[in-house]
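Results of the structural survey
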Amino acid sequence: MTDNEGSDDVVVRVDNLVVEFPAGRKQVVHAVSGVNFELRRGETLGLVGESGCGKSTTGRAIMRLVQPTSGRVEVDGVDLTQLPTNDLRRLRRKMQMIFQDPVSSLNPSRRVRDIVREGIEIWRDDAGGNPLNDTKATELMAAVGLDPAVGDRRPHELSGGQCQRICIARALVVDPDVLILDEPVSALDVSVQAQILNLLERLRAQFDLTMLFISHDLAVVRNVSDRVLVMYLGRVCEEAPTDELFSTPKHPYSQALLASIPGVDPTTQWGLGQPDELVSGELPSPVNPPSGCRFRTRCPLANDRCASEVPRLREIAPGHRVACHYVD
Amino acid sequence: MASPDVPVTDQPSPPISRSRSVLRLAFGPLVWLSILWIALLVFAAVFRDLLPLREPDELGIRTREVEKFESPGWNAFFGGDSQGRDVFSRVVWGARPALILGVSATMIAAVLGSIVGMAAGYLRGKVDLVTSILVDITLAFPVLVLLITVRASFGNSMLVFVILFAVTGIPPYARIVRGATLSLAEREFVDAAVALGANRRRVVLSELAPNIALPVLSFAFIGFAIVIVAEGGLAFIGLSLDEITWGQLIAAGTGDIQDAAHVALLPATTMFLTILAFNLVGDAIRSIVAPRQVLTQRRLRVSDDRPEVAPNGVLRKETAPPDSRNERVLDIVNLHTTLHTPLGDVMAVDGITLHVNRGEALGIVGESGSGKTMFLRSIIGTFALADVSRSGVVSVAGVDMLRSDPATVRRTLGTCIGMVSQDPLTALNPVRRIETQLVEPMRVHFALDKAAARARAIELLRSVGLPDPERRLRAYPHELSGGMRQRVTIAMALVNDPELLLADEPTTALDVTVQRQLLELLGELRRQRTMSMVLVTHDLAVVKGYTDRVAIMYGGRVVESGPTNSLFAQPRHRYTVALMRSVPDLSLPSHSELEVIDGLPPSLVNPPPGCRFAARCPAATDVCRTDTPIRQHVDDDRWFRCHHPVEPDELESVPVQVAGTSS
């Protein structure tokens, strides 16, 4: 947990972020519908939810890799949603992104060394006064545990774990403050996943990184995060310090999510019922999300109020916010 | 939004330098001959004036005159044409215009088409719309009419022809490049470059262009051949260049084809060989881009060595009493599966002995490259590519799947085995309704009438927990959610009431809340039907709650096996323990350091002797690197293969945990 709660320490503030995509026939995919959160300097914020909950879109919208429909994303107080291209390029350097598929994240026709050096090439002649030099690439290859001999190889000759290390080195070359990690270990084997998670933890300390860690894997998020944000169908259900969320989940969806972890007995762990008592059915379409609370179609507690009134994200304990009519 | 867990991609890197061996594969002898032929053409085109040939338009200057329609002989190697000109000399002369026209038209079309295609694919929106319309119009335009008009107004000079072929050649390149760019632009490395601060120019030049160059080059060779053919066609209707071209030579020679076939045959053969050569080289370049296409060889072999003795040295018959034999739905003895690939022999399955009793669920756990999927495929005998040999015994409900006749094997597959794969979309036909896909096989296999088959389909869908089955029958696969699709594939697997269900990562692509529902469903179906199941997964936690016995695979071998509870309570193999410990533990606080297994999984191409885990094992000694550990039995059903097994007192210091719950 971070001990510095002052507003000065907020690196990224996401304010009422909305992202919608056209879905043909005048329909709209409501990928992200009014998400608010802050990313504080030095912390790792976990963003969990199932596929289709908008967690990846949120991450990409923060980088403006997708254009937000409305809302603000402030990085060090600057709103990047309306920034002109050149200023945006400069601001993006403060944040970098790691993607799920390490192989697809690397240009197949380039050598590893050139991939890691890409950021240096781009910012070599930076008139704005922060050029980078070549030794940085060598340093970072070593920092992520890559043998220098790998530099001459091409991505397809390497394993997934090695490719993810390359992606991390490439991102860190430009000295970012914030790392947005979109399912960075989901495509890796368990044994390799642990290597990468430990590496990220080490680099976080070494380079004073702030992280937004997006994942569907609760055990992984438990391990890396200081705070956790649970998303469902484009909205935030619950936001809490990690220990608190994993010991006393409040939102019915958070409870269902935790209870569904394979190998866990929800009764002994949390005093909850079995998963099929906590959640039924499947995710509704984001083209036609339910009115009111979006979880109500699968929630055992749902009633008329849930259909008519959108639950606000209320603070129930310091730093613990829940969007549910029935949590106090 | 990423699907939660796409196939695990961590593969050991091949030991041989891939680029070199791929080149060797793609460039077989025919391709080298083609390259030689192209080199000859270039030589002839450049040096035609210096070659000791007769002038193409004049009669015998250097030696005595060539007669009209002279047959091939010592005077003129390929004979003379209707006016006594040397056919060979004329064909050689034709190489230059062919190359100039082909190369310049192709290059201009390729470059311009690539620019247009990349602009459309990368910028999208209006640019894409406008170019698509233009390309469609150009493709629909009658080129012949254009040609006649242009030729009538601008003459038949080389320049006019180059421009004409270049302009009409642009659309195909634009289309190909647009498609390639669209798919490349969605790849994450483009996003990564944008995130680093790359501007559009940089994205196009250093991210997209290098990946497009090779496919365009490949198509350009084929495009060149098309230009040559087109020129030949035009020459036939008298619309060619005002130079000696192969097309004209063929056209002129066809009139006398019966008296002097050689006059037309030589230029025709030359043109044919040229087109063939360019096509072959183009294909070879394409196979560098997609090396898998090279592996077209398909063969399934079975070695005859039927093992009487199990690898642990115990006679097979003694380990399995006859009465329990009948209860074995799946019985596998010393199965070896070797994939013969151009990179070497892959020992995908290396001596596995396993069985599944009636009504039992066996979990197979392994990381990618452990051979777990190949093991499943070895049971059903389908392999996506290559030359595969199997040895050992695979017996399904008493039928020897390796040595029985194909009809028996097919019948056993159809009646005894159901399959559920990771991605339900690959199992379902996207353009047919669920009803067709479920009902048709029942009508064929059980000769049910349509109403009866439909009733049974509805009953099956209901049994797999699909809500509103009557309505879902009318749906197409894409109209269902991932979880519902997987329920449908499970229903399809149950159509024949199988004794054995093979499930390959059935819930890996699904969300946790849905995953749990499906695992519960599989367990319930298994109990109701006394069906056996093999559940293959990379996820220890999935196996833990939903199987009776487990086999842990590593490097193509089973390293440890036993009843699920006892194996998880007291793992003996060092790999099993390391694997369990590398899973993040819910009960530990944030930022706890995870235990890792250093290094990478072993390559299964020419693996070293000894224990496959030796290179990554902290307890490995010399014996591990030389001797393959044999099976050590804790009891009848519980064994491991390790020279230095984990002792029970070692475990107490660090309890082994799987996804949050202490075992």
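Residues numbered from 1 in each chain as written. Chains lettered and ligands numbered in written order. Predicted model: local features only at pLDDT ≥ 70, side-chain atom pairs only at ≥ 80, totals over all residues.

Secondary structure summary: chain A contains twelve helices and twelve strands in total. Once the C-alpha set of chain A is aligned to its principal axes, its extents read approximately 60 × 45 × 45 Å. For chain A, the residues scored as buried account for 54% of the 328 residues in total. (Helix = DSSP H or I, 4+ residues; strand = E, 2+ residues; numbered from the N terminus. Buried ≥ 20, exposed ≤ 12 C-beta atoms within 10 Å, placed from the backbone.)

On to the overall build of chain B. Across its full length, chain B carries 25 helices and 15 strands. Burial statistics for chain B: of 663 residues in total, 46% are counted as buried. The long-range fraction of contacts in chain B, counting pairs at least 24 apart against all pairs at least 6 apart in sequence, stands at 68%. (Contact = placed C-beta atoms within 7 Å.)

Here the focus is the domain arrangement of chain B. Domain boundaries assigned for chain B yield domain 1 (18-56 + 74-293) and domain 2 (316-431 + 476-662). Distance from the C-alpha centre of domain 1 of chain B to the C-alpha centre of domain 2 of chain B: 52 Å. (Domains from an automatic or database assignment.)

What follows deals with the environment of B:Gly465. Residues and elements named next belong to chain B. Structurally, glycine 465 can be placed in the loop between helix H17 (450-463) and helix H18 (469-472). The exposure class assigned to glycine 465 is partly exposed, which follows from the 18 C-beta atoms found within 10 Å. Note: C-alpha distance between glycine 465 and arginine 487 (22 residues apart in sequence) is 7.3 Å. Residues in contact with glycine 465, not counting those within four places in the same chain, are Arg487 and Leu521.

In this section: the sheet that holds strand E5 (residues 78-79) of chain A. All names here are of chain A. The strand order E2-E1-E4-E5 describes an open sheet built from four strands, whose pairing is antiparallel. Two strands in the sheet have a free side with no partner beyond their single neighbour: strand E2 (28-40) and E5. Examined bridge by bridge, strand E1 (residues 10-22) and E2 share ten bridges and lie antiparallel to one another. Looking at E2, one finds that leucine 17 is bridged to valine 35. (Pairing = 2+ DSSP bridges.)

Judged by nonpolar contacts, the single largest core of 267 residues is most densely connected at A:Ala169, A:Leu212 and B:Val534. Here the element with the most residues in this core is helix H3 (residues 87-123) of chain B; it accounts for 15 residues. Two domains each provide a minimum of three residues to this core, namely domain 1 (18-56 + 74-293) and domain 2 (316-431 + 476-662) of chain B. (Core = buried A, V, L, I, M, F, W, Y, C linked by C-beta atoms within 7 Å.)

A word on the environment of A:Leu158. Within the fold, A:Leu158 resides in the loop between helix H4 (135-143) and helix H5 (160-172). When the C-alpha atoms of A:Leu158 and A:Arg110 are compared, they prove to be 13 Å apart, with 48 residues separating the residues in sequence.

Residue and element names in this part refer to chain B. Ordered in space as E7-E8-E9-E4-E10-E11-E13-E12, the eight strands form an open sheet in which the pairing is mixed. If you trace the sheet from one side to the other, it starts and ends with strand E7 (417-420) and strand E12 (632-635), each paired once. Going across the sheet, the axis of each strand differs from the next one's by a mean of 20°, ignoring polarity. Judged from the four bridges that link them, E7 and strand E8 (residues 500-504) form a sheet pairing that is parallel. Counted as the bridge partner of methionine 419 is leucine 502 from E8. (Axes fitted to C-alpha atoms, helices over the stretch in contact; angles between N-to-C directions.)

A word on the interface of chain A and chain B. Between chain A and chain B, the contact holds 75 residues from the first and 67 residues from the second. Among the residues making up the side of chain A that touches chain B, the classes are represented as 29 nonpolar, 27 polar and 19 charged. (Nonpolar A, V, L, I, M, F, W, Y, C, P; charged D, E, K, R; others polar.)

This part is about the pairing of strand E11 (residues 557-563) of chain B. All names here are of chain B. Among the seven residues of E11, six are classified as buried, and the element is accordingly described as predominantly covered. Note that strand E10 (residues 549-554) and E11 share six bridges and pair antiparallel. From the neighbouring strand, isoleucine 552 faces E11, where its bridge partner is glutamate 560. Hairpin connection of E10 to E11: two residues between the antiparallel strands, including glycine 555 at a positive phi of 60°.

With respect to burial, helix H9 (residues 246-254) of chain B is a largely interior element, seven of its nine residues being buried. Among all positions in H9(B), only B:Trp246, B:Gly247, B:Gln248, B:Leu249, B:Ile250, B:Ala251 and B:Gly253 are buried.

With that settled, the discussion passes to the confidence of the model for chain B. Low pLDDT means the predicted atomic positions in that stretch should not be read closely. Residues and elements named next belong to chain B. Overall, the prediction assigns chain B a mean pLDDT of 82, with 86% of residues at 70 or greater. Across residues 307-322, confidence stays below pLDDT 50; counting only partners more than four residues off in sequence or on other chains, it has 21 contacts. Both confidence scores are given for the complex: pTM 0.83, ipTM 0.87. (pLDDT = per-residue confidence, 0-100.)

Attention now goes to the packing of helix H8 (residues 200-236) of chain B against H9(B). All names here are of chain B. In contact at an axis separation of 8 Å, H8 and H9 are set at 40° when each is read in the N-to-C sense. Accordingly, the angle class assigned to the pair H8 and H9 is oblique. Crossing handedness for the pair H8 and H9: right-handed. Along its contact with H8, which presents Glu231, Gly232, Leu234, Ala235 and Phe236, the element H9 presents Trp246, Gly247, Gln248, Ile250 and Ala251. Its residues assigned to classes, the contact of H8 with H9 comprises six nonpolar, three polar and one charged. (Parallel < 35°, antiparallel > 145°, perpendicular 65-115°, else oblique. Left-handed = near helix turned anticlockwise from the far one by under 90°.)

On average, chain A scores 89 in pLDDT, and the residues at 70 or more come to 96%. Counting interchain partners and residues more than four positions distant, the pLDDT-below-50 stretch residues 1-6 of chain A has eight contacts.

A separate point is the packing of helix H3 (residues 112-123) of chain A against H4(A). Residue and element names in this part refer to chain A. Running from N to C, H3 and H4 point in directions that differ by 140°, and their axes come no closer than 9 Å. The orientation of H3 relative to H4 falls into the category oblique. Seen along the crossing, H3 lies across H4 with a hand that is right-handed. For the pair H3 and H4, contact is made by Val116, Arg117 and Ile120 and by Lys136, Ala137, Leu140 and Met141, respectively. Classifying every residue of the contact of H3 with H4 by side-chain character gives five nonpolar, no polar and two charged.

Right, let's talk about unusual backbone geometry for a bit. Trans is the common state for peptide bonds, and a negative phi is the common state for residues other than glycine. Positive phi is not limited to glycine here, since A:Leu233 has a value of about 45°. Relative to the helices and strands, A:Leu233 is located in the loop between strand E9 (227-232) and strand E10 (235-241). With 26 C-beta atoms counted inside 10 Å, the residue A:Leu233 sits in the buried group. The residue B:Asp468 is not glycine, and still its phi comes out positive at about 55°. One can find B:Asp468 in the loop between H17 and H18. For B:Asp468, a count of 10 C-beta atoms within 10 Å corresponds to the exposed category.

Moving on: helix H9 (residues 252-259) of chain A. Judged by how many residues are buried, H9(A) sits mostly within the fold: eight of eight residues are covered. Burial in H9(A) covers these residues: A:Pro252, A:Tyr253, A:Ser254, A:Gln255, A:Ala256, A:Leu257, A:Leu258 and A:Ala259.

Here we come to the environment of B:Val420. All names here are of chain B. For valine 420, the location among the structural elements is in strand E7. Note: C-alpha distance between valine 420 and valine 160 (260 residues apart in sequence) is 61 Å. Residues within four places of valine 420 in sequence aside, it is in contact with Thr489, Ile490, Ala493, Leu501, Ala503 and Pro506.

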